[in-house]
Amino acid sequence: MRAPNEFVFATVQYESGDWDSAPLVPANITDSIARYTSIAVQPSGAIVPLASPELLRYPLAFMTGHLPVRFSDAERASLRTYLERGGMLFCDDHNHDIDGAFHKTATEELGRVAGPLAELPNTHALYSAFFKFEDGPPATGHELNGWGDNLIHKHLLAAMRGDRIAVLFSNKDYSSEWGYHPENKRFLSVDNTRFGVNVVVYALTR
Amino acid sequence: MWWCMRSRADRGRVALERALRAASVALLAWMLWTALRPRATVTGVDVAREATLPAALARWSTDSRVRSAHVLLDTAPGALRRDWLAALAHAGVAVGWSSSSAFPAVALEARPSGDPAGGARVLVAAPRNATIALSDNAGTLTDVHRGTTGAGVSFALPALDGPARAQFGVHGVAGAPRDSVLLRRVVVLGRAGWEAKFVVAALEERGWPVSARLSVAPTVDVAQGTIDLDTSRTAVVIALDSTAARDASRIMRFVRQGGGLILGADAARLAAFASIAPASQGARVRAATLAFASAAPRRALAFQALIPKRAGVIALETRDGRIVAAAQRAGVARVVQIGYDETWRWRMSGDESAPAAHRAWWSALAASVAYRGALPIAVRATDAAPLAHLVGALGAPVAVPIGSSPAERQGIRAWMAIGVMVMLLAEWASRRMRGQR
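How each quantity is defined
Here the residue index of a chain counts from 1 through its sequence in written order. As a convention, the first chain written is A and the first ligand written is 1, with the rest following in written order. At least 70 in pLDDT is required for a residue's local features to be given in this predicted model, at least 80 for side-chain atom pairs to be given and counted, and no such filter applies to totals for whole chains, interfaces and linings, which use all residues. Labels follow the DSSP assignment, with helices taken as runs of H or I lasting at least four residues and strands as runs of E lasting at least two, numbered in each case from the N terminus. As a reference, a globule follows 2.2 Å times the number of residues to the power 0.38, and the radius of gyration itself is taken over C-alpha atoms. The contact criterion used here is simple: two residues whose C-beta atoms, placed from the backbone, lie within 7 Å are in contact. To assign burial, the other C-beta atoms lying within 10 Å of each residue's own C-beta are counted, with C-beta atoms placed from the backbone; 20 or more indicates buried, 12 or fewer indicates exposed, and intermediate counts indicate partly exposed. Strand pairing is assigned whenever DSSP identifies at least 2 bridges connecting the two strands. All axes here are fitted lines through C-alpha atoms, helices being fitted over the stretch that makes contact, and every angle between N-to-C directions spans 0 to 180 degrees. Orientation is classified from the angle alone, with under 35 degrees giving roughly parallel, over 145 giving roughly antiparallel, 65 to 115 giving roughly perpendicular, and any other angle giving oblique. Just so you know the grouping, Ala, Val, Leu, Ile, Met, Phe, Trp, Tyr, Cys and Pro go in nonpolar, Asp, Glu, Lys and Arg go in charged, and all remaining residues, Gly too, go in polar. To estimate the expected span of a helix, count its residues, drop one, and scale the result by 1.5 Å. Our arc is simply the arc of the directions from the helix axis toward the C-beta atoms. Each nonpolar core consists of buried Ala, Val, Leu, Ile, Met, Phe, Trp, Tyr and Cys residues. Their C-beta atoms, within 7 Å, join them into a set. By convention the crossing between two helices is left-handed if the near helix lies anticlockwise of the far one by an angle smaller than a right angle, and right-handed if it lies clockwise.

Quick word on the overall build of chain B
Part 1: What chain B contains, in helices and strands, is 10 helices and 22 strands.
Part 2: Here chain B has a C-alpha radius of gyration of 37 Å; the compact-globule value for 437 residues is 22 Å, and the former is much larger.
Part 3: Overall size of chain B, expressed as C-alpha extent along the three principal axes, is 140 × 45 × 40 Å.
Part 4: At a minimum sequence separation of 6, the contacts of chain B that also span at least 24 residues come to 67%.

Concerning the overall build of chain A
Part 1: A count of helical and extended segments in chain A gives six helices and seven strands.
Part 2: For chain A, the α and β elements follow one another from N to C terminus as β-α-β-β-α-β-α-β-α-β-β-α-α.
Part 3: Here the C-alpha radius of gyration of chain A, 16 Å, is about what a compact globule of 206 residues would show, namely 17 Å.
Part 4: Across its three principal directions, the C-alpha atoms of chain A cover 45 × 45 × 30 Å.
Part 5: Taken across its 206 residues, chain A has 50% of its residues classed as buried.

Observations concerning the sheet that holds strand β7 (residues 164-170) of chain A
All names here are of chain A.
Part 1: As summarised here, the arrangement of the seven strands in space is β2-β1-β3-β4-β7-β6-β5, forming an open sheet in which the pairing is mixed. What marks the edges here is a single partner per strand, and that holds for β2 (46-49) and β5 (118-119).
Part 2: Bridge analysis of strand β1 (residues 10-13) against β2 gives four bridges, and the strand direction is parallel. Directly across from V12, in β2, lies its bridge partner V48.

Overview of the packing of helix α4 (residues 194-206) of chain B against helix α8 (residues 354-369) of chain B
Helix packing geometry: the angle between the two helix axes and the distance between the axes.
Residue and element names in this part refer to chain B.
Part 1: Look at α4 against α8: their axes get within 9 Å of each other, and the N-to-C directions meet at 85°. Relative to α8, the element α4 lies roughly perpendicular. Side by side, α4 and α8 meet where V199, A202, L203, E205 and R206 of the first sit next to H358, R359, W362, S363 and A366 of the second.
Part 2: In terms of residue class, the contact of α4 with α8 is made up of five nonpolar, two polar and three charged.

What about the interface of chain B and chain A?
How big an interface is tends to be reported as the loss of accessible area on association of its parts.
Part 1: With 20 residues of chain B in contact, the opposing surface of chain A contributes 17 residues.
Part 2: Only α4, β13 (210-217), β14 (220-224) and α7 (344-349) of chain B provide two or more residues apiece to the side of chain B that touches chain A.
Part 3: The leading source of residues in the side of chain B that touches chain A is α4(B), at five residues.
Part 4: Classifying every residue of the side of chain B that touches chain A gives 12 nonpolar, three polar and five charged.

Observations concerning the sheet that holds strand β5 (residues 120-125) of chain B
Residue and element names in this part refer to chain B.
Part 1: The sheet built from three strands is open, its strands ordered β4-β5-β8 with antiparallel pairing. Of all strands in the sheet, those bounded by a partner on one side alone are β4 (107-112) and β8 (153-157). This sheet shows a mean twist of 15° between the axes of neighbouring strands, independent of strand direction.
Part 2: As paired strands, β4 and β5 are joined by six bridges and run antiparallel to one another. Bridged to P112 within β5 is A120.

A word on helix α3 (residues 101-114) of chain A
Residue and element names in this part refer to chain A.
Part 1: If you check α3, its first and last C-alpha atoms are 19 Å apart, about what 14 residues at 1.5 Å a residue would give, namely 20 Å.
Part 2: Of all the residues in α3, the buried ones are F102, H103, A106, T107, E109, L110, V113 and A114. Along the axis of α3, the buried residues cluster in a sector spanning 165°; they form a single face.
Part 3: Buried positions along α3 lie against β3 (60-65), α2 (73-84), β4 (88-93), β6 (157-161) and β7.
Part 4: In the segment just after α3, G115 is the residue with positive phi, at about 95°.

As for the pairing of β5(B)
On any regular strand, side chains alternate: one points to one face of the sheet, the next to the other face.
All names here are of chain B.
Part 1: Residues of β5 alternate between two faces, with A120, V122 and V124 buried on one and R121, L123 and A125 left unburied on the opposite face.
Part 2: For β5 and β8, the ladder comprises five bridges, and the chain directions are antiparallel. Considered in β8, the bridge of R121 is made with A156.

Comments concerning the environment of G114(B)
Part 1: Tracing the backbone shows G114(B) in the loop between β4 and β5.
Part 2: Those residues in contact with G114(B) that lie beyond four places of it in its chain are V181(B), A367(B), A370(B) and R372(B).

Digging into unusual backbone geometry
Part 1: Positive phi is not limited to glycine here, since D173(A) has a value of about 65°.
Part 2: Mapped onto the secondary structure, D173(A) falls in the loop between β7 and α5 (174-177).
Part 3: Residue class for D173(A) comes out buried when judged on the 25 C-beta atoms lying within 10 Å of it.
Part 4: Here the phi dihedral of D320(B) falls at roughly 50°; this positive angle occurs in a residue that is not glycine.

Overview of the environment of D191(A)
Residue and element names in this part refer to chain A.
Part 1: Locating D191 in the fold gives a position in the loop between α5 and α6 (194-205).
Part 2: Residue class for D191 comes out partly exposed when judged on the 17 C-beta atoms lying within 10 Å of it.
Part 3: Distance from D191 to A27, taken between C-alpha atoms, is 15 Å for residues 164 residues apart in sequence.
Part 4: Ignoring anything within four residues of it in the chain, the contact list for D191 reads S32 and K185.

Observations concerning helix α1 (residues 25-36) of chain A
Part 1: Compared with an ideal rise of 1.5 Å per residue, which puts 12 residues at 16 Å, α1(A) spans 16 Å between its outermost C-alpha atoms and is within 8% of the ideal.
Part 2: Of the residues making up α1(A), those classed as buried are V25(A), P26(A), N28(A), I29(A), T30(A), D31(A), S32(A) and I33(A).

A look at the nonpolar core
Part 1: Grouped together as the largest cluster of nonpolar side chains are 125 residues, with contacts concentrated most on V167(A), V188(B), I238(B) and A366(B).
Part 2: Residues V106(B), A120(B), A126(B) and A384(B) belong to the second largest nonpolar core, which totals 20 residues.

Details of the packing of α2(A) against α3(A)
All names here are of chain A.
Part 1: In the contact formed by α2 and α3, the axes pass within 9 Å of each other and the chain directions differ by 60°. The orientation of α2 with respect to α3, classified from their angle, is oblique. Every pair of crossing elements has a handedness; the one defined by α2 and α3 is right-handed. Here R76, L79, R80 and L83 of α2 come into contact with α3, specifically with R112, V113 and A114.
Part 2: For the contact of α2 with α3, a count of residues per class yields four nonpolar, no polar and three charged.

Shown next, in the form of structure tokens:
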């Protein structure tokens, strides 16, 4: 039985595209939350349809994919309600490509629901919510290796509700960066999921 | 001269007729004199009814010969007339009052709400079975039937324009808040989690200034604002869970100062709060329904049942016979303990009204215990307890002075007029029976 107030990493299932392109991310981030914080977590994540009222049970939701995104009317309405009530959507472009289909279509769809996405200042509280990231969002191996659009994206994008992030959009391809089995963290000199901890802690505290 | 010869009986009748005529003329003359004489020349008790009170007050105030006055009231007079009568009494006029029926003992108190959204709470004491119409300067607010039990009626008003007025038939009462609550900070202490996040959000959205310290790891907190556990800056502390143990001694001192405390289920288990927690923890109760129905949305929340620890604990909310929220005084402060630990689900998964209802619920909870710094505000004179004010100004009601009431005077005049008519009729009939015209 689920204990009260356990954090559950929820992945959004949307009708178009490949929503399940990063199946290892939830377990890896959940592992990091348990490893670094005292936040109670549920080991298994959840997959929740974007158009379902079940989405409202998970105030932080993760969305990723490579393919073009088109939300249905029901998905847009559900996401709008979710954001209005205080939910936060973290959307990562698995293509790591600002000219890619996912980026163009997802930012357009999210902009329709949440308002235009703008660059998030690298001094934002997100970058100091738990670990300190002085230079903003940490670069990923895919960026450093020149894959995708061959850019290191200096900012994340965000749509705000008041002074709080409602939608966080990344072209960094954290879906690939964090997509490995948690056991393999021991081979890393610096845990690259630490920024994922910041996203979760920010969502839980702001 | 046969017609000159009167019998002994005729002479008697003539004398009687003359006597009747004289008496009639005398009575008419007296009635004319009493009708035309100036009232101000009265030196006895002058009696006025409610309708004639304004003129009577002017007369009693300007004629030094008036030594005693009496008012027959149907309703309690307004503050102006009451104070005028009191001033007359202080000036040496013996002022008394009476009523044909007992006045209802009604009173009204308006208090500012402790909620940042504003509004007021109006408490009305009224007779049983009365229908109370509550209004303010903007119009009628509500009608409510008082019922046969209870000690009064309490209205929570989202806004109040000017004084609140309650009307029960012909009797009215009015009152306005005399101070304004100084809004101070709410401090939320807890673990990083959805409950803490949405409690902070709900209170901020409602207008409360909120400081928070949310524990993320054993040595890491996310802080918002300053945590001053002092009533000069903070009105309420919300301790959601056991992370409040770190501040237990400061919280206890805050409560001793009069600060309000809301204990979540987990926090109430701390030994440090055992002396002030209203209840101990019972079994965990599952949600009664799966969906958040708008009529009773919190039935879809699980909770920790509360068992009152001592006498005097007030159950604020119950479900199916189990206590969900309880309150008790701790010295001059108030402490509320709640069994819910996932109210955020109500806000997120409830119907359209859920976010606002969640905000209002938490805000009302905070306002109910908040330390209230009050700022006096200028209010116009109101009539919050008319009967009490009347008795205070003029004393208890006294009997109407005999022979002095206007009704009595009117009755005497009517009987006198009838007497005149009877006497004149008798005199005329006597003459006609004697064959005279």
